[in-house]
Amino acid sequence: MTVFRIITVLICVVTCMGSVAAAQDRATLQMQDFATLPVLHEGRVKPLASFAAVELDKFSARSSTADPVSWLAETLFNPQYAIKRPVFKVAHPTLRKRLNLPERPGKLYSLEELALGLEQTQQQALQLIVSEEKNLTPEQQALITLHENALAYGQLLQALAALLPMQVGLPESLNITPQIYTGMPTFLEIRNKEKPLMEQVKAIIDRKGEDLERYTAEEKALAGLAFEYQQISQAAARNTLLRIIPPQWKDSDVWLSPWSLLQQGQGSPESKILLEDWQAMAKAYRAANAGEWEKAGKATFKDTTAQSPDKGLGARLKMERLYNLLSPFKLAFALYALALLGGGIFLWRRHPVLYQAAFTMLIAGTAAHLAGTGLRVGILERPPVGSLYESLLFVGLIITLTALWIETRRRDALALTGAAAASLAVLFVAPVVAPDGDDLEVLVAVLNTNFWLATHVTCITAGYGFCLLTSALAHIWLLRAGGAAQVQDGLSRTIYILSLAALFLTAFGTVLGGIWADQSWGRFWGWDPKENGALLIVLWLVWLHHGRLGGQLGMPLFQAGLAVLSIIVALAWFGVNLLSVGLHSYGFTSGIAAGLAAFCAGELALTAALYYRVRHKKAGSS
Amino acid sequence: MGNLLKQKLFYIANRLAQPAVVFYTLPALMLLLVAGTVAQRTMGLYDAQHLFFSSFILWLGPLPLPGGYTIIGFISLSLLIKFLFFSDWRLQKAGINLAHLGILVLFVGGFLTAFQAKEGFILIPEGQSGTMISDYHQRELVIAKDGMIHSIIPHRHIKTGAQLKSPDLPFTITVEQACRNCTISRREEDAQGVFGMAQFMALSPGELAKEDEANLYGATLTLTGTGEGTDGTYIIFEAMPKPISLSIGEHQYEIIYQKQQRSLPFSLKLEKFEKGMHPGTAMASSYQSDIIVQDGTLSWPVRIEMNKPLRYKGYTFFQSSFAETPGSTATVLAVVKNTGWVFPYIGTALVAAGLLLHILLMARRRKGTA
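Residues numbered from 1 in each chain as written. Chains lettered and ligands numbered in written order. Predicted model: local features only at pLDDT ≥ 70, side-chain atom pairs only at ≥ 80, totals over all residues. Heavy atoms only, no water.

**Student:** How should the overall build of chain A be read in this particular structure?
**Tutor:** Summing up its helical and strand segments, chain A has 25 helices and four strands in all. The principal-axis extents of the C-alpha atoms in chain A amount to approximately 115 × 50 × 50 Å. Here chain A, with 622 residues, has 56% of them falling under the buried criterion. For chain A, the proportion of contacts with a sequence separation of at least 24, taken over those separated by at least 6, is 70%. As presented, chain A carries roughly 26700 Å² of accessible surface, and 61% of it is formed by carbon and sulfur atoms. Mean positive and mean negative side-chain charge positions of chain A (53 and 49 charges, respectively) differ by 9 Å. (Helix = DSSP H or I, 4+ residues; strand = E, 2+ residues; numbered from the N terminus. Buried < 20%, exposed > 50% of the residue type's maximum accessible area, 1.4 Å probe, protein only. Contact = heavy atoms within 4.5 Å. Areas by Shrake-Rupley, 256 points an atom, 1.4 Å probe, with all protein chains shown as cover. Lys, Arg positive; Asp, Glu negative; His and termini not counted. Charge placed at Lys NZ, Arg CZ, Asp CG, Glu CD.)

What follows is the structure, encoded as structure tokens:
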């Protein structure tokens, strides 16, 4: 049996699951406890809600509007309904035609609709999967992805099949009395009688051959049950996606799926308790019994976290739920937008209420931002920056935190407005570079060191933040210097100190990076693109400061140089990533490259325009 | 006359010590940095580094431009003069002076590293000892006579058209085609006058890999003077499973192409290599090698981990990679011999302390004047 046959078998198996008696609306069930239950996924134990969101996003290419948690519950506990839910995105038109799919908005299809097409294309998919990714057409790529998704979904549909009722005739000779569901046994209940069942069926076949016509009703029931039983058992082989059972052996940190527990004989008295908990959840869900469902959910959470070797797990799961529910960075984005609006209007029409409103918005936004960052640190148990995405989040935070500090001293809305704009831009870019799926990622070995993440990475990203704030304020300086009234309020002095701090952080961060490289690769400096990018920022700042000191750069030019610091930072931050990417991610990065080029060009044009306005005014007044 | 010279010298030194020097040379360095970084996309890191940064002159066609060594050397000289003779030693400038000193220390370390550091790697299978370091970049053609090394020819001499001969070798090697990243293909044409592995395969130059160590160096050779029936075309490439082997008279000759080998003055035995994984994934979270260092009659255990190297007798060993074959695991350690390794640590501390002090002094002055 090929791997892909599983889909067809699976649909048979799933449709054989007993249907639900109660037609009551399951929407009344509280999903809170279920959503918080732990699962090991992509190297990290996370709440089911995060798991559900990643998986549903993967299948539907982020286009499903279903609630991920309800979807997952139905998939696990009520698979025969779940196969009818349209969750698979088939975006490629030719592929849709090939799979005989009806056209509809959203391009989402159910596993049932796809089953026939998947079976017909399985041979081709098997051949394609071994060929190199870059040699595939987009349609072939889409076909492989669809097959892979269907397989993963199949694992979910089957994940708890051992706990669900089977719609089969029960042979009297086996003496099985279903205890959990009326009239219908579960896989586990039959498993207790596996030996007599198989022996009897073998005896029948030995006696009468495989022709069902010659069987008695009792014999038919035995053969039918044995067939069903084996089908489920086989389809569940290698069903490891839903790892909800804590490690069963000392010193192991690998969580197990129910099926690997059952099939690899890794059970223990502890794991039996958990299976019973899940059994109770399945029963309550199917009966839409809100009271039992809540009780079972709480019991499962309590027992699972108690059995986990990681004692802080319960707290971290709750933190992650809070993180998911709050969406702190979206909240911060909205508040910064309001702060920018308020600050902008205040600079134009100086009304103290506007100032207070904008300031409050910035504080609230920074608080949300800080809370989000803190929650991530708590959940991942590591310093805040370990990926490109996280560096953006952190830089945004540094910008607004620093601006708040400046604002309490200056109280003129300049730092506030500049920081709100810069941080908005950074948070706007963040989702673009966020990894597919879970953005709370585990790290590769070389990065898996809290000391260097906390020192070098934090230092250099804080440096980026200071650079961007400096750049934003330099824009404001140029804007004001080109305006009508001359103000002497020490803005240039603030910018000067900020740029020195930026120089300190980027220079120190860069050399710390060298020391890290010396510790892990044996060379302090290797002219690697990332290193060169960081050095470029340092050199640019050193150059501006020496030019200012030596008198070659006048104040307007100095400020213009600081304003385009944003370009240098963007190039060092993202530009170097574009240099080292392979061909296969071309589509993704070409979008980023175009965005980066547009940003650089726009920023350069803006700064040039502001600078010439200042020059023009000077020339006019002299 | 002496006075005039002194004045002239003072004038030049004074000019060199001006911030203007930095102002006018840094743009060149920044341009070089950007060009050298962008060039890595097409020519790979190693070649770009040698062309742009580890060079005195960068030839842009017929136009000589200053290379990385020249520019950084000039800035270092200017900074040294400024630091020694023209520094302002008031407290107000203490931070700047400290930072400048730190940068000088970094430059000294950089030049020391550039001119004497040697990098390589050592592969040790579990349960075995290793003493030979392979260079990452330098390859060599080794000719062995009766099991003893007869001559070693560095890869820079293995060029298309080159003739390699020695008075006490009975044969001459002509390099038909050298390739820095050979593509191996099946030999299509008739295998007449073709020997060894060349009977089955042919080499052609392929696109260079981004990292030089990933390139497969090799060459198609013609051997003459080996005798009737063995003169003809051969191929040779790195890590070729069977070397070119010749029997001439009563002597046995072997030709090998390999990464340059250096031996350690002590040996390392790999007891155990361990790989930590993120649970339930194929993604490594850590690597570690348990090693026994054997030096003369002394031996002691050490553990080398990611970010935790072993330093001994001027050599530093880093956990770099590993190789898994069925039934056996080998660790790959990067080996660096660099007498200048400590400079960046001192330089970093000085630069950081200097810049921080400067910011504090500036901020204090701001308060003072406000």
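**Student:** Help me understand the domain arrangement of chain B in this model?
**Tutor:** Interface extent is often summarised as the accessible area lost during association of the parts. In terms of domain boundaries, chain B breaks down into domain 1 (1–86), domain 2 (93–114 + 339–370), domain 3 (118–132 + 264–337) and domain 4 (135–261). With centres defined by C-alpha atoms, the gap from domain 2 of chain B to domain 3 of chain B works out at 36 Å. (Domains from an automatic or database assignment.)

**Student:** Please clarify how the state of the cysteines should be interpreted in this entry.
**Tutor:** As used in these notes, a disulfide is a covalent bond between sulfur atoms, one from each of two cysteines. Overall, the coordinates contain one disulfide over all chains when judged by the stated rule. A sulfur-sulfur distance of 2.2 Å marks the disulfide that ties C179 of chain B to C182 of chain B. Judged by the sign of its S-S torsion, about 95°, the cystine formed by C179 of chain B and C182 of chain B is right-handed. Across this residue pair, the class does not change: C179 of chain B and C182 of chain B are buried. No disulfide involves C459 of chain A; its nearest neighbouring cysteine sulfur is the one of C467 of chain A, lying 11 Å away. Between C600 of chain A, a cysteine without a disulfide, and C467 of chain A, which holds the nearest cysteine sulfur, the sulfur-to-sulfur distance is 14 Å. (Disulfide = S-S within 2.5 Å.)

**Student:** Explanation requested: the pattern of salt bridges in the structure shown.
**Tutor:** Once their charged atoms are close, side chains differing in charge can pair, the charge on each being opposite to the other. One pass over the structure, following the stated rule, counts 34 salt bridges over all chains. Among the ionic pairs, R96 of chain A bridges to E103 of chain A, the shortest N-O distance being 2.9 Å. A residue is classified by how much of its surface remains accessible, and R96 of chain A, at 5% relative accessible area, is buried. The class for E103 of chain A is exposed, based on a relative accessible area of 53%. A salt bridge links E324 of chain B to K275 of chain B; its shortest N-O distance comes to 3.5 Å. One end of the pair, E324 of chain B, is in strand β17 (residues 315–325); the other, K275 of chain B, is in strand β13 (residues 251–277), and 49 residues separate them in sequence. (Salt bridge = Lys/Arg side-chain N within 4 Å of Asp/Glu carboxyl O.)

**Student:** Teacher, can you tell me more about the confidence of the model for chain A here?
**Tutor:** Low pLDDT means the predicted coordinates in that region are not meant to be read closely. Residue and element names in this part refer to chain A. In this model, chain A carries a mean pLDDT of 88, and residues with pLDDT of at least 70 account for 93%. Averaged over each element, pLDDT in chain A is lowest for helix α1 (residues 5–16) (64) and highest for helix α23 (residues 555–563) (96). Contacts from residues 581–587, a stretch scored under 50 in pLDDT, to residues over four places away or in other chains number two contacts. (pLDDT = per-residue confidence, 0-100.)

**Student:** Can you help me understand the packing of aromatic side chains in this one?
**Tutor:** Aromatic ring pairs: the centre-centre distance and the angle between the two ring planes describe each pair. Under the definition given, this model contains 47 aromatic pairs over all chains. Ring geometry for F88 of chain A against Y153 of chain A: centres 5.3 Å apart, planes inclined by 80°, an arrangement best described as edge-to-face. In this pair, F88 of chain A is assigned in strand β3 (residues 88–89) and Y153 of chain A in helix α8 (residues 138–158), connecting sequence segments 65 residues apart. Across this residue pair, the class does not change: F88 of chain A and Y153 of chain A are buried. Note on F52 of chain B and F53 of chain B: the rings are 6.3 Å apart at their centroids and 45° apart in plane angle, and the pair reads as tilted. The same class applies to F52 of chain B as to F53 of chain B, namely buried. An aromatic cluster of at least three residues, connected via ring pairs, comprises F34, F77, W278, Y285 and W293 of chain A. If you follow R286 of chain A out to its NZ or CZ, it ends over the ring of Y181 of chain A, 5.9 Å from the centre. Lying over the aromatic face of F558 of chain A, R548 of chain A brings its terminal NZ or CZ to 5.7 Å of the ring centre. (Phe/Tyr/Trp six-rings, centres within 6.5 Å; stacked < 30°, edge-to-face > 60°. Lys NZ or Arg CZ within 6 Å of the ring centre and 35° of its normal.)

**Student:** Whenever I open this one, the packing of helix α21 (residues 491–520) of chain A against α23 of chain A confuses me. Can you help?
**Tutor:** Each packed pair of helices is defined by two parameters, the angle between the axes and the distance between the axes. All names here are of chain A. Interaxial distance between α21 and α23 falls to 12 Å at its minimum, and their mutual angle equals 45°. Judged by the angle between their axes, α21 and α23 are oblique. Pair α21 / α23 crosses with left-handed handedness. Counting all contacts with α21, which are made through S492, I495, Y496 and S499, the residues of α23 involved are M555, F558, Q559 and L562. Residue composition of the contact of α21 with α23, grouped by class: five nonpolar, three polar and no charged. (Axes fitted to C-alpha atoms, helices over the stretch in contact; angles between N-to-C directions. Parallel < 35°, antiparallel > 145°, perpendicular 65-115°, else oblique. Left-handed = near helix turned anticlockwise from the far one by under 90°. Nonpolar A, V, L, I, M, F, W, Y, C, P; charged D, E, K, R; others polar.)

**Student:** Can you walk me through the interface of chain B and chain A in this structure?
**Tutor:** Counting residues at the interface gives 54 residues for chain B, matched by 54 residues for chain A. Each partner contributes to the roughly 4700 Å² buried at the junction of chain B and chain A, and carbon and sulfur atoms together form 70% of this total. Where chain B meets chain A, there are one salt bridge. Where D518 of chain A meets R311 of chain B, a salt bridge forms, and the shortest distance between an N and an O atom there is 3.4 Å. Counting across the interface, chain B meets chain A through six residue pairs in polar contact (both at pLDDT 80 or more). Of the residues forming the side of chain B that touches chain A, the biggest block, 15 residues, is contributed by helix α2 (residues 19–43) of chain B. (Buried area = accessible area lost by both parts, 1.4 Å probe. Polar contact = N/O pair within 3.5 Å; in protein donor to acceptor, adjacent residues only side chain to side chain.)

**Student:** Please explain the side chain of D47 of chain B as it appears in this structure.
**Tutor:** For D47 of chain B, the position within the fold is in helix α3 (residues 45–53). If near-sequence neighbours (up to four positions away) are discounted, D47 of chain B is found in contact with R180 and L208 of chain B.

**Student:** Before we go on, may I ask you to explain helix α15 (residues 313–326) of chain A in this structure?
**Tutor:** Think of an α-helix as turning once every 3.6 residues; residues three or four places apart then point the same way. All names here are of chain A. With 14 residues, α15 should reach 20 Å at 1.5 Å per residue; the first-to-last C-alpha distance of 20 Å fits that figure. Those residues of α15 not exposed but buried are L313, G314, R316, L317, E320, R321 and Y323. Immediately beyond the C-terminal end of α15, within one or two residues, lies S327, with a positive phi of roughly 45°. (Expected span 1.5 Å × (residues − 1).)

**Student:** In this structure, what is going on with the side chain of E407 of chain A? I would like to understand it.
**Tutor:** Residues and elements named next belong to chain A. Here E407 shows up in helix α18 (residues 388–410). Here E407 occupies a buried position and makes no salt bridge, while the nearest side chain of opposite charge, R411, is found at 6.5 Å. If we skip the residues at most four places from it in the chain, E407 touches Y355, F359, D412, A413, L414, A415 and L416.

**Student:** In this structure, what is going on with unusual backbone geometry? I would like to understand it.
**Tutor:** Glycine aside, a negative phi is what most residues show, and trans is what most peptide bonds show. With a phi angle near 60°, N100 of chain A is a residue other than glycine that sits in the positive phi range. As for its position among the elements, N100 of chain A is in the loop between α6 (93–98) and β4 (108–109). Residue class for N100 of chain A comes out exposed when judged on its relative accessible area of 69%. With phi around 55°, A239 of chain B is a residue other than glycine that occupies positive phi space. Accessibility expressed as a relative area gives 71% for A239 of chain B, which makes it exposed.

**Student:** When you look at the confidence of the model for chain B in this model, what are you seeing that I'm missing?
**Tutor:** Model confidence for chain B is summarised by a mean pLDDT of 87, while 98% of its residues fall at 70 or above. Within chain B, no element has a lower average pLDDT than helix α6 (residues 343–369) of chain B, which sits at 84, and none a higher one than helix α4 (residues 68–85) of chain B, at 93.

**Student:** Mind showing me how you'd approach a nonpolar patch on the surface here?
**Tutor:** Residues and elements named next belong to chain A. Taken together, L338, L341, I345 and W348 make up a surface patch of nonpolar side chains, about 440 Å² in accessible area. You can see I345 is positioned in helix α16 (residues 328–348). For I345, a relative accessible area of 34% puts it in the partly exposed group. (Patch = residues over 30% accessible without salt bridge, like charges linked within 9 Å, V, L, I, M, F, W, Y side chains within 5 Å.)

**Student:** Explanation requested: the pairing of strand β2 (residues 44–47) of chain A in the structure shown.
**Tutor:** Successive residues of a regular strand alternate their side chains across the two faces of the sheet. All names here are of chain A. Pairing between strand β1 (residues 38–41) and β2: four bridges, direction antiparallel. Looking across to β2, one finds that H41 is bridged to R44. A loop of two residues connects β1 with β2, the two strands running antiparallel in sequence, and E42 in this loop sits at a positive phi of about 50°. (Pairing = 2+ DSSP bridges.)

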